[in-house]
Amino acid sequence: MWKQPYFVIGFAILAFFLIGSFAYEWFWGNVPRQVRFIMENGRAVEGAPISPQWAYPFGTDQFGFDMLGKLMIGAKYTIIAALAVAALRMLIAVPLGYMLGTYLQRHRSWVSGLADSLHYIPLTVFASFLLTPVLWMPEGGFTNTIWERIAIQVVVMALLTVPIVAVLVGSEAAILYQKEYIEASRILGASRLRIIRKHLIPHMREKLAVLYGQQVMETFIVLAHLGLLNLFLGGTKVSRDPMFGDPPMSISFEWSGLFGSSFRYLHGAPWMPLSPVLFIALSILAVSFMMEGYLRSKNPKVKKRSLSAKKEEVVNWNRSQLREKMVQVKDLHDM
Amino acid sequence: MKLLLKFIFSIIGILLVSGLPILLSGLLGGELQLAEYFRTISAVLESMWPVQDISVFNYRIQKEMPVFPNILEYISYSLQILFLALGAAVFFALTFTVLTMLLGERARDRVKMVLYFLESLPDLLIIMLAQLAVIFFLEQTGILISSIAVTGANRIYWLPVSCLALLPMIQLYRLCMLTFQEEERQMYVELARSLGFSKTFIILVHMFRNAVISVFFQSKKTVWFMLSNLFVLELMFNLPGIMLFLRDNMMPQIFILTIFSFFLPIFFLYSIGEWFFLRRLRGKEVL
């Protein structure tokens, strides 16, 4: 796995974001540097938001906070949340799926019919429908802490597609149950738990890993979509001042909030919404690199075998060579 | 019969989901309010009944407005965008698949790799880049290719449709490539090749017919993915569609109406397709 360049590149990107995020906070605290304007020869050249340049690779926001700093501080929330959502979802859905495939074979059709209905509900709409009461700051402030809200959001987002994933795992398991070797081990007296442990899990390990990667990617996208709806990770700070209300703000610097609260500036200062989305895209790309690398490390010979099968040596003999060989064969027979 | 059962279970599932916020807020308070949950669902159902009477509060004119028949216009616009994009995605995915299948092994792998990583671009980035590109083009040349937001009565089609179609197209393309390559290993392809048919003919006539069926059965997930994208698209282009309407009126009744407006056409599309393909498949696995 560690020898696959794709896996290493993907892992390096994610590790860079995570370690960089903690290191940034360790060194410079959790407030990014702020510049109100850039001076050149004693004159102010550019005020906030400052466009991207060498000192500020991703520019600054409308208050002069460095975008790169904000993005780095926020990286840990978004990435850990996405990984946690997908992990929790798999932890719940995979045992459920096995149970569905093993013990509830007869009920599989109606359970999958029920889960199928989720395929008509756009995931983002579903998530926002459920999370609005949790994340939108009520009149008079939140009553729970930010960590409680993040935990609730992670659990809710994990549960959203548990039925779909469970049915998927269940039908995979059901296909495996029809295999002869599983029937053989069942005849030999293996219990259902043993079949799951010794046959189903090892057999589906790669599929489950790919499924996990897909869930992480999906979670990143849903988080970004929720950001567009002003539902940020860990809650949205809403200013209820009718005159000087601030726009809805994210409480942490996580990426969906950075994107959602700055989307209005797309035409004036495109770097403000674009850079968080770019970082999200990079993370998704990193995950898909890791998946590709993992798959290649698990079945590395597939490609080579298919190529080598085609290169069968064709022996070209001309007429005299052929006769020579034939004579040899004939001699062999005669002897 | 089986379809009817599936239909009923899907409807039950959607109804169960529509009451979930109550259950969730109950759980946050620390108690499981199952009775309350079912009461809400039945209340929502009752309030749905004379469908003409559902109304929402309109902030702009500070008045209760009946949902029907205005909502039909939103629904039709959303569905038009969705199905135009789906059609475009299917068409281009199949075209590109056939073209890639005609290439050699090495080039095919490279094309697949590039598109595979393109797939991981978030839809938001694509929409934003498209909007910025239109503006940039306008500033440079003074030609407005397409307006980037809906204002008033004029509706825009091709820019949102192409934004919406891009990612599903790549997904479908990957699906198609997998199926076509699977199909290529089948015996009948070898037979056709040994009979002297050209590669193009085999791909277009023999493999195409078999692969399309398998792609059709796997494409449901792509449509689901498109629904999420449609939501974001309507928000970012300010399209007067059903999703934007739902965002402004997050009520269980509107939620159910919105879901049904997608559920019915997509369900019928898939049911008809399933019926059609299964009927043709029966008895002859390979065409």
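The coordinates are above.
Within any chain, residue numbers begin from 1 and follow the written order of that chain's sequence. Numbering of ligands from 1 and lettering of chains from A proceed in the order in which they are written. Reporting of local features is limited, given that this is a predicted model, to residues whose pLDDT is at least 70; pairs of side-chain atoms are given and counted only at 80 or more, and all residues count toward the totals for whole chains, interfaces and linings. Computation of side-chain values covers all heavy atoms of the structure but excludes hydrogens and water.

1. Some remarks on the nonpolar core
Stated precisely, the cut-off is as follows: Throughout this description, the term nonpolar core refers to a set of buried Ala, Val, Leu, Ile, Met, Phe, Trp, Tyr and Cys residues connected via side-chain atoms within 4.5 Å. Relative accessibility thresholds used throughout: buried, under 20% of the residue-type maximum; exposed, over 50%; partly exposed, between the two (1.4 Å probe, protein chains only). Here the limits of each domain have been adopted from an automatic or database domain assignment. In what follows, a contact means two residues having at least one pair of non-hydrogen atoms within 4.5 Å.
With 149 residues, the main nonpolar core has A:Trp255, B:Leu233 and B:Phe262 as its most contacted residues. Taken domain by domain, this core gets at least three of its residues from each of domain 1 (2-49) and domain 2 (72-281) of chain B. Discounting chain neighbours no more than four positions away, the residues touching B:Phe262 are B:Ser78, B:Leu79, B:Leu82, B:Leu227, B:Leu230, B:Ile242 and B:Met243. One finds A:Ala173, A:Ile182, A:Ala190 and A:Leu200 within the second-largest nonpolar core, a separate group that totals 19 residues.

2. Details of helix 5 (residues 146-160) of chain A
The criterion, for reference: For the purposes of this entry, the term helix denotes a DSSP run of H or I that reaches at least four residues, the term strand denotes a run of E that reaches at least two, and both are numbered from the N terminus. Every helix has an expected span of 1.5 Å times one less than the residues it contains.
Between its first and last C-alpha, helix 5 of chain A extends 21 Å over 15 residues, near the 21 Å set by a 1.5 Å rise per residue. Every buried residue of helix 5 of chain A is listed here: A:Arg149, A:Ile150, A:Ile152, A:Gln153, A:Val154, A:Val156, A:Met157, A:Ala158 and A:Leu160. On the buried face of helix 5 of chain A, the contacting elements are helix 2 (67-102), helix 4 (123-135), helix 6 (162-177) and helix 8 (192-228) of chain A together with helix 2 (20-28) of chain B.

3. A short note on a nonpolar patch on the surface
All names here are of chain A. For clarity, the threshold we go by: Any residue with relative accessible area above 30% and no salt bridge may belong to a patch, with like charges joined within 9 Å and the nonpolar Val, Leu, Ile, Met, Phe, Trp and Tyr side chains within 5 Å. Exposure was quantified through the Shrake-Rupley algorithm and a 1.4 Å probe, taking into account, for residues, occlusion by the shown protein chains and nothing else. What counts as a salt bridge is simple: a side-chain nitrogen of Lys or Arg found within 4 Å of a carboxyl oxygen of Asp or Glu.
On the surface, a nonpolar cluster with roughly 810 Å² of combined accessible area is contributed by Leu91, Ile92, Leu96, Met99, Tyr103, Leu104, Val155, Leu159 and Leu193. At the level of secondary structure, the elements contributing two or more residues to the nonpolar patch comprise helix 2 and helix 5. Broken down by element, the residue count for the nonpolar patch peaks at 4 residues, all from helix 2. Within the fold, Leu96 resides in helix 2.

4. Brief notes about the environment of A:Arg192
Residues and elements named next belong to chain A. Relative to the helices and strands, Arg192 is located in helix 8. Overall, Arg192 belongs to the partly exposed group, its relative accessible area being 41%. On a C-alpha basis, the gap between Arg192 and Met99 in space is 9.8 Å, while along the polypeptide they are 93 residues apart. Setting aside chain neighbours within four positions, we find Arg192 in contact with Thr102, Tyr103 and Tyr177.

5. Remarks on the interface of chain A and chain B
Convention followed: The term buried area denotes the loss of accessible surface (1.4 Å probe radius) that occurs when two parts are joined, taken as the sum for both partners. Any pair of nitrogen or oxygen atoms within 3.5 Å is treated as a polar contact; in protein, a donor-acceptor pairing is required on top of that, and neighbouring residues in sequence qualify only through side-chain atoms on both sides.
At the junction of the two partners, chain A supplies 49 residues and chain B supplies 49 residues. Both sides of the chain A and chain B interface together cover about 4,500 Å² of buried area, and 79% of this is carbon and sulfur. Along the contact surface separating chain A from chain B lie 0 salt bridges. Counting every contact that joins chain A to chain B gives 5 residue pairs in polar contact (both at pLDDT 80 or more). Going through the elements one at a time, helix 3 (108-116), helix 4, helix 5, helix 8, helix 10 (271-298) and helix 11 (301-310) of chain A are the ones with two or more residues in the side of chain A that touches chain B. At 12 residues, helix 10 of chain A tops the list of elements feeding residues into the side of chain A that touches chain B.

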